[in-house]
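# A closer look at the structure
Each chain is listed here by its residues.
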Amino acid sequence: MSLDIRRSSASVWGSASGMRTAQVVSKYIDTTTCIGCKACEVACQEWNDLGPVATEQVGTYQTLPTLHAEFWNLIRFNERDFDGGLAWLMRKDQCMHCDEPGCLAACPAPGAIVQYANGIVDVNPDQCIGCKYCETGCPFDVPRFSATTGKMAKCTLCVDRVSVGLEPACIKACPTGCLHFGTKQDMLELAKGRVQQLKGNGFAQAAVYDPQGVHGTSVITVLAHGDHPEYYDLPVDPHVPWGVKLWKTIVRPLGAIAIFGAVIGAFGHYMNHGRKGVKGADAHDANLPDA
Amino acid sequence: MASLAATFGRGAMTNGWVDIKNADVILAMGGNPAENHPCGFKWFIEAKKTRGAKLVAVDPRFTRTAAVADLYSPIRAGSDIAYLLGIIRYAIETGRFHKEYVQLFTNGPYLIGEKYGFDDGLFTGFDDATKTYDKTNWGYEADPKTKAYAVDKTMENPRCVFQLLKKHVERYTPETVARICGTPKETFLKVCEIVTSTGNAQRCGTITYALGWTQHSTGVQIIRAAAMLQLLLGNVGRPGGGVNAFRGHSNIQGATDMAGTFEILPGYLKTPAGPQQTLKDYLEAATPTTLNKQAWASMNYWQNYPKFMASLLKATYGKNATKDNEFGYAWLPKVDGNYSWMYIYDDMYRGSSKRLGADEPAPEGLITFGMNPMGIGPNVPKMVNALSKLKWLVVGENYEIETATFWKAPKEYGGPDPSKIPTEVFQLPASGFAEKDGTFTNSARWLQWKWKAVDPPGNAKTDQEILARIFLAVRDLYKKEGGALPEQVLNVTWSYSNPAAPDLGEVLKEINGKALVDIPDPKDKTKMIRTAGQQLENFGQLQDDGSTACGNWLHLGVYTEAGNNAQRRSTADPTGLGMYPNWTFSWPANRRIMYNRASADAEGKAWDPTRPGIVWNGEKWVGDVPDIKPDSPPGEYGAFIMNAEGVGRLFAAALNDGPFPEHYEAVEAIIQNPLHPKVTSNPATKKFSSDKDVYGKPDQFPLVCTTYRLTEHYHYWTKHTEVLNQLQPGFFVEIPEAYAQKQGIANGSKVRVTSARGSIEGVAMVTKRLRPLQVDGKELIQIGFPIHWGYSAGDTGHTGPLANFLTPSAMDPNTWTPEFKTFLVKLEKA
Ligand code: SF4
Ligand code: SF4
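Presented here is an overview of the structure given in this document.

### A closer look at the packing of helix α5 (residues 80-94) of chain B against helix α7 (residues 161-169) of chain B
All names here are of chain B. At their nearest, the axes of α5 and α7 sit 9 Å apart, and the two run at 120 degrees to each other. Comparing their axes, α7 and α5 come out oblique. The handedness of the crossing between α5 and α7 is left-handed. Residues Leu85, Ile88, Arg89 and Ile92 of α5 pack against Phe162, Leu165, Lys166, His168 and Val169 of α7. In terms of residue class, the contact of α5 with α7 is built from six nonpolar, one polar and two charged.

Written out as C-alpha cells, the structure is:
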C-alpha cells in the first residue's frame, strides 16, 4: 500500500502531483448490522496502546460522551421513537478520513497532519505543536488534545497496519461483519448493494453516508434512516468551515505576519455559528487541489 | 436441557452456530444473542444478508438483538409459555404447520391412555401434599391386538396427541396472549405469521434461546413449548432449523456432558439411586424398552445403555473392574435424594441433610472451582449465612472472588460478624482459560482443542493439577489409614504419565476410550474391528462385557487412532451448508445436525433440495453423518432414535410438571393466573422453607424485575479488568421512561430496588427500551438490571451490588434452576 503523501498541513498545495492513480482505501460501516458490542473500541485501544479511560456509569450504554485522546473509536447509542416502534441506533464514530480534511486545512504546523495518497489522514506527532486548530477545522468533532503527550490524537485508520497489507484493528475485531475494509470503490459498491437490500426490507430512506461537502470520506456508512444522519450524531451536510478555508487558501499564503489576525477573525465567525450548524450549499471550493 | 432431551432424545443444541445462516426465519426469544453471543451472532446477520431471513426478537427489553431485528415484540417476563402456545394454536387453526412431517416424525398420531387429563390448571395425577405428579397417568395407549403403540395416522382420534394438543392450546387465543403477555395483539399476530411461514417443506426456521428461558420456575416447559412448535412446523433435523440452545459459558456444554450435575454420570448416564444395589437392577431401570418393534420401529438407541455403562466403569476402575464384581458398580456412590447445588447450600444453612427420611449432618467443608456461589446463587443473604457455617472452604480461582471473601461481605448482606465466622478459607491460585490447554465444548457440541497461550503466573496451577494433587493426597490417606469404603478411592485407575498433573491429551484419549482386548467383527468373527489397545472409533464398537473402556460414550470419536480430532481445523465444506465435517469433532459421532433423518421425507428425499441434511441414495444415507443406521432404508426406523418410540414428542410424559406446557405465573406472581386463578404458579415448583426463603407479594412489591448480562462483561469476573470496566463501569437499573417521568426519576440519578430478600442501590438508566405493558387490564411496569457486579473487584471504583441479593430461591421442578428472570420488587429514589 502506498504511503506517498498527497497533502501535508501548512505546505504548498499541489505537492501531491502524480498521486491521482493511488487507490483510495475506505472503511465500510453498516450500522444496520452493528450490535454495539464494542469489540472495535477495545481493538482500537489495544492496537494503538491507548487507555483505559476512567469512565463512570451515568445512565447509558455508550462508553464515553464523545471521542477522547485515549479513545479513538466510539459506538454512539441513540434511542429513537418511530410510529409505533423504536430504534436503538448504534454507530461507530471515529475520524472519517475526509477527502477534503478540515483538520489538515486548519493546521498551521508544516507536516503535522498529512493525507496519504491512499486517503488516510494522519497526525504526525513529531510535527504537531498541540495548538488544537485542527479541532476547529474538523466538521466531525474528531481530533482530541492529549494532555499526556501535548499532541493531537485521533484514529489513524491503522496506517501502520494498512501499509503492510492488514486491515485496521477495528475491522479485524468486528464479530458480525458489519465492518469491512478495501478500496473506496469496492466499499461503495458493497454499501450500495446493502442499501438496495434495506430498501426492499422496508427502509425506503436507507442511504450511503459519504458526504460530498468534504468530497466524500474514507469511512462510508450505511444508514437505515439515511434522510436523518443526525439521528446517528452525524452532521447532515458537513463542510470544512469557511473560515478555515479562507485561512488555508488565502490568508496562510500571505505569510506568517497575518496569521494571528486571520485566525481571530475567521475563527471568531466560526465560534458564533457552531460546527454542526454549517449547512447548505457552500460552493465547491475550486481553489483546493483535487485528489 | 431436560426439555430437549424429553422431546427429541438428547439435551443439546440441535443444529449449530454456523447452521443459523441457513434459516429463513429466526425467532430469538428467551435469549439475547447479539449481546451475549456476539461472535455466534454473525450467522444471524449472514442469514439476513444472504437469504433475506427475518429475525424476530421477543424480549421484555428492547435489546441489542432487537436493535438489528426485523420485528421486535415486547413480552412480560415469564409469560413465554402463553406466547408460544399462542403461536402453536395459530399454526393449527390456520393450517400453517407441516402436517406430513408431524404424521411421519412426531407422536402426534399416538394415542394417550384414558388416565391423562387436564382441568383448571392441573394435569391428572397431582398430589397436593408432596406437590408432585404421578407421571404414570400420562402413558401411551397400547394397541390391544399388536401390543405396539396405538396410532391413528389421520390424527383425528380425539385421544391422539395431536387432538389433545389442539384442545390444550385452544384457550391461547391472540386476545388471551395479549392479556397475559402484554404484547399488542397486532404485533403478536405478525410474529405468528412470520414464524409459521416455515411450517412447510420449502421453508425452514430456527428458534434460539438461552438463560432467558431456563431461569424460570417454568423454564423447562417454556423450552418444551418451543420444541413442540418446531416439531409442528417440521423444523427439527433440518438445516436452518432446530431449537438452538445457547450455553452461557464457553465450556458449559462440556461440563454437562461430563456430569456437571449430580443426577448424571458422563454421557448423561444416570447416577445410581439408593435402591439400585446391583448393576443388573440399575441397568434394568435405566435401559428403556419400546413397544415399537415392527415396521417403522425405533432404533431405541438407549438399548445400548449397558455397553456405555460397562465401558464407563472400566474407564473408572480399570483392571479392578471385573465381570465378577459387576465392573465395580458397588463402589459408585448412590444418591438418596436431590443434591443439586441449591439443596446443598440449603443443607449447609439449615445444618442438616435430610434425605429419604435419614437425617445427616450438613457438609462441613466445601471445595468450589470454576464458579462463584456467592454471586451466582439466588438469595445471597441465605448464601452468606450458609457459607458462614462451614469449617473449611477451598476456592480454586484466579481472582479473589466474592465466595473466597464471603466473610467480608458488606453488612447489608446480613452475614454474621466476621469474628464469629469459624470458616477457614483456602484460596488456591488457579489458572485462567488461556493459561491451560484442553477442550472447550461449545453450544454446537464441538469439542474444540485450545492451546495454552501463556503459563499461569506465580504459584497458580492448572485445575487438573490441583485436583490430581488433592486426589493423590486423599488416596494416600486412605492407603495409610483406611476408613469407610477405601476401595471406592483405592480402586480408581490413575494411569497418567504424570499423575500429579495429568496431560489433558491423555485424559481426552481416556474419555474417547479403547479396546482392552481384540474385538471381533460380529459379521465375520475372523476379522477384528479393533485390536487390544487401539483407540475406539465410534460408539458402535462399545461392548458390555468389559472388553472396552470409555470415559464418555457420547464423546467417542474425539481421539481415535487418527489422533486428537478436537485439534482438526479444516475449513472444507463439501455440502456448502457450513457443516465443516473436519473442523474439530462434534458429538454425537461427528454429526453436525442432530435428528437429520427428519430432514428428508418418507422416501428419503430432502424436504428442501437446496438444503439437504441427509438423503437416501438407494443404498445408504449421504450428506451429514446420518442420525439413523446408515444403511437402513427409509421407513425402517423412526427419525428420533434416542426416543424409545422413535418419534419426536409433542406430548412428553417424562417431565415433572406435565406432558404439555401450561402458562403459570412466576413464583412471585404479579397477578393471579388469568386462566386458572386457583393454580397461579407452577404447582410442582420447588421452594425452600428456611427463615431466609421469603417471597414477596405485589401489594408490597408492585414491579416485575428481571436480570441479565451485558456484552461488555463476563459473569462476575471481568470487573477485575480495567479495559472492560471502562466499557461498562458500573451497576445500573433500567427503568421505563414513562414510569421514571411519573416518579420523577432522572436518568443517571440514584435509585434503590428492594425485594423481599434485600435492597440494593444503583444508577437509574431511564430508557425507551422498556415500556409499560397492558397486562390483564392493568398497566404493568417491568424494570431490570444486569448481574456482573459484586463487592470484590480489582479497583474499588468498580464494585457494586450482587444482583442475586434480590432474586428468590424458587426453582424449576425438573432442573432446579433458580427463577432469576422474574421476581417482584419496589423502586424508590435513593
Ligand atoms: S474527520 Fe475530522 S479529523 Fe478526520 S480527516 Fe475529517 S476533518 Fe480530519
Ligand atoms: S465490532 Fe462491529 S458490531 Fe461490534 S460495535 Fe464495533 S462495529 Fe459494531
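### Remarks on the site of ligand 1
Taken together, 13 residues lie around ligand 1, and Cys95, Met96, Cys98, Cys103 and Cys138 of chain A are the ones closest in. When its residues are assigned to classes, the shell around ligand 1 shows ten nonpolar, two polar and one charged.

### Here we look at the sheet that holds strand β17 (residues 438-441) of chain B
Residue and element names in this part refer to chain B. Ordered by their spatial adjacency, three strands build an open sheet running β17-β18-β25, and the pairing between neighbours is antiparallel. Both outer strands of the open sheet, β17 and β25 (585-586), are each paired with one neighbouring strand and no more. Its contacts with the sheet place helix α20 (residues 504-512) against β17 and β18 (446-450), and it is angled at close to 160 degrees to β18.

### Here we look at the site of ligand 2
Near ligand 2 lie 13 residues; those nearest to it are Cys34, Cys37, Lys38, Cys40 and Cys174 of chain A. Here the residues of the shell around ligand 2 sort into ten nonpolar, two polar and one charged.

### Some remarks on the interface of chain A and chain B
At the interface, 36 residues of chain A touch 42 residues of chain B. Both faces considered, chain A and chain B share a buried interface measuring about 3,100 Å² in area, 57% of it formed by carbon and sulfur atoms. The tally of links between chain A and chain B comes to four salt bridges. Of all the secondary structure elements, the ones that give two or more residues to the side of chain A that touches chain B are α1 (39-48), β3 (74-82), β4 (85-93) and α6 (184-200) of chain A. Per element, the largest residue contribution to the side of chain A that touches chain B is five residues, and it comes from β4 of chain A. A breakdown of the residues in the side of chain A that touches chain B according to their chemical character gives 15 nonpolar, 14 polar and seven charged.

### Side note on the packing of aromatic side chains
Residue and element names in this part refer to chain B. Scanning the model with the defined rule gives 57 aromatic pairs over all chains in all. Measuring from centroid to centroid gives 4.9 Å for Phe62 and Tyr72, while their planes differ by 65 degrees, and the two rings are edge-to-face. Here Phe62 is found in the loop between β2 (54-58) and α4 (64-67), whereas its partner Tyr72 is found in strand β3 (residues 71-73), with ten residues between them in sequence. Phe62 sits in the buried class, given a relative accessible area of 4%. When the ring of Phe105 is compared with that of Trp607, the centres are 6.4 Å apart and the planes differ by 85 degrees; the resulting orientation is edge-to-face. Within this pair, whereas Phe105 is found in helix α6 (residues 99-105), its partner Trp607 is found in the loop between β25 and β26 (614-616), the two being separated by 502 residues in sequence. Of the two residues, Phe105 and Trp607, both sit in the buried class. The ring of Tyr708 is capped by Arg61, whose NZ or CZ atom sits 3.3 Å from the centre of that ring. Taking NZ or CZ as reference, Arg445 lies 5.9 Å from the ring centre of Trp587, over its face.

### So, α20 of chain B
Residues and elements named next belong to chain B. Along α20, the positions that sit buried rather than exposed are Gly505, Leu508, Ile511 and Asn512. When α20 is viewed along its axis, its buried side chains cluster within an angular range of 115 degrees and face the same direction. Looking at the buried positions of α20, the neighbouring elements they touch are β17, β18, β23 (559-560) and β24 (563-564). Its side-chain oxygen at 3.0 Å from the backbone nitrogen of Gly505, Asp503 defines the N-terminal cap of α20. Two residues or fewer after α20 comes Gly513, characterised by a positive phi angle close to 95 degrees.

### Considering the nonpolar core
All names here are of chain B. Of all hydrophobic cores here, the largest spans 136 residues; its most connected members are Met374, Leu387, Ile735, Val753, Ile783, Phe785 and Leu827. Among residues more than four places away in sequence, those in contact with Leu827 are Leu703, Ile735, Tyr739, Ile745, Val751, Arg752, Val753 and Ile783. Within the second largest apolar cluster, 127 residues are counted, among which are Met29, Phe327, Phe585 and Trp616.

### Digging into the side chain of Gln728 of chain B
Note that Gln728 of chain B resides in the loop between α21 (722-727) and β30 (732-736). A relative accessible area of 0% means that Gln728 of chain B is categorised as buried. Once you skip the residues sitting within four places of it in the chain, Gln728 of chain B turns out to touch Lys38, Gln57 and Tyr61 of chain A together with Arg64, Leu710, Glu712, His713 and Trp789 of chain B.

### Quick look at the packing of helix α13 (residues 279-286) of chain B against helix α14 (residues 305-317) of chain B
All names here are of chain B. At a minimum axis distance of 10 Å, the contact between α13 and α14 shows a crossing angle of 135 degrees. Considered as vectors, α13 and α14 are oriented oblique to each other. Considering only the axes of α13 and α14, their crossing is right-handed. Contacts from Leu279, Tyr282, Leu283 and Ala286 in α13 reach Tyr305, Pro306, Met309 and Leu313 in α14.

### A short note on the sheet that holds β3 of chain B
Residues and elements named next belong to chain B. Ordered by their spatial adjacency, five strands build an open sheet running β3-β2-β1-β8-β9, and the pairing between neighbours is parallel. Sheet topology places β3 and β9 (243-245) at the edges, where each strand pairs with a single neighbour. Between one strand axis and the next, the sheet turns by 20 degrees as a mean value, whatever way the strands run. Relative to β3, β2 runs parallel, the two being bridged by three bridges. Bridged to Val58 within β3 is Ser73.

What counts, and at which threshold
Residues numbered from 1 in each chain as written. Chains lettered and ligands numbered in written order. Predicted model: local features only at pLDDT ≥ 70, side-chain atom pairs only at ≥ 80, totals over all residues. Heavy atoms only, no water. Axes fitted to C-alpha atoms, helices over the stretch in contact; angles between N-to-C directions. Helix = DSSP H or I, 4+ residues; strand = E, 2+ residues; numbered from the N terminus. Parallel < 35°, antiparallel > 145°, perpendicular 65-115°, else oblique. Left-handed = near helix turned anticlockwise from the far one by under 90°. Contact = heavy atoms within 4.5 Å. Nonpolar A, V, L, I, M, F, W, Y, C, P; charged D, E, K, R; others polar. Near = heavy atom within 4 Å. Pairing = 2+ DSSP bridges. Buried area = accessible area lost by both parts, 1.4 Å probe. Salt bridge = Lys/Arg side-chain N within 4 Å of Asp/Glu carboxyl O. Phe/Tyr/Trp six-rings, centres within 6.5 Å; stacked < 30°, edge-to-face > 60°. Buried < 20%, exposed > 50% of the residue type's maximum accessible area, 1.4 Å probe, protein only. Lys NZ or Arg CZ within 6 Å of the ring centre and 35° of its normal. Arc of directions from axis to C-beta. Polar contact = N/O pair within 3.5 Å; in protein donor to acceptor, adjacent residues only side chain to side chain. Core = buried A, V, L, I, M, F, W, Y, C linked by side-chain atoms within 4.5 Å.

The values are spatial; any link to function lies outside them.
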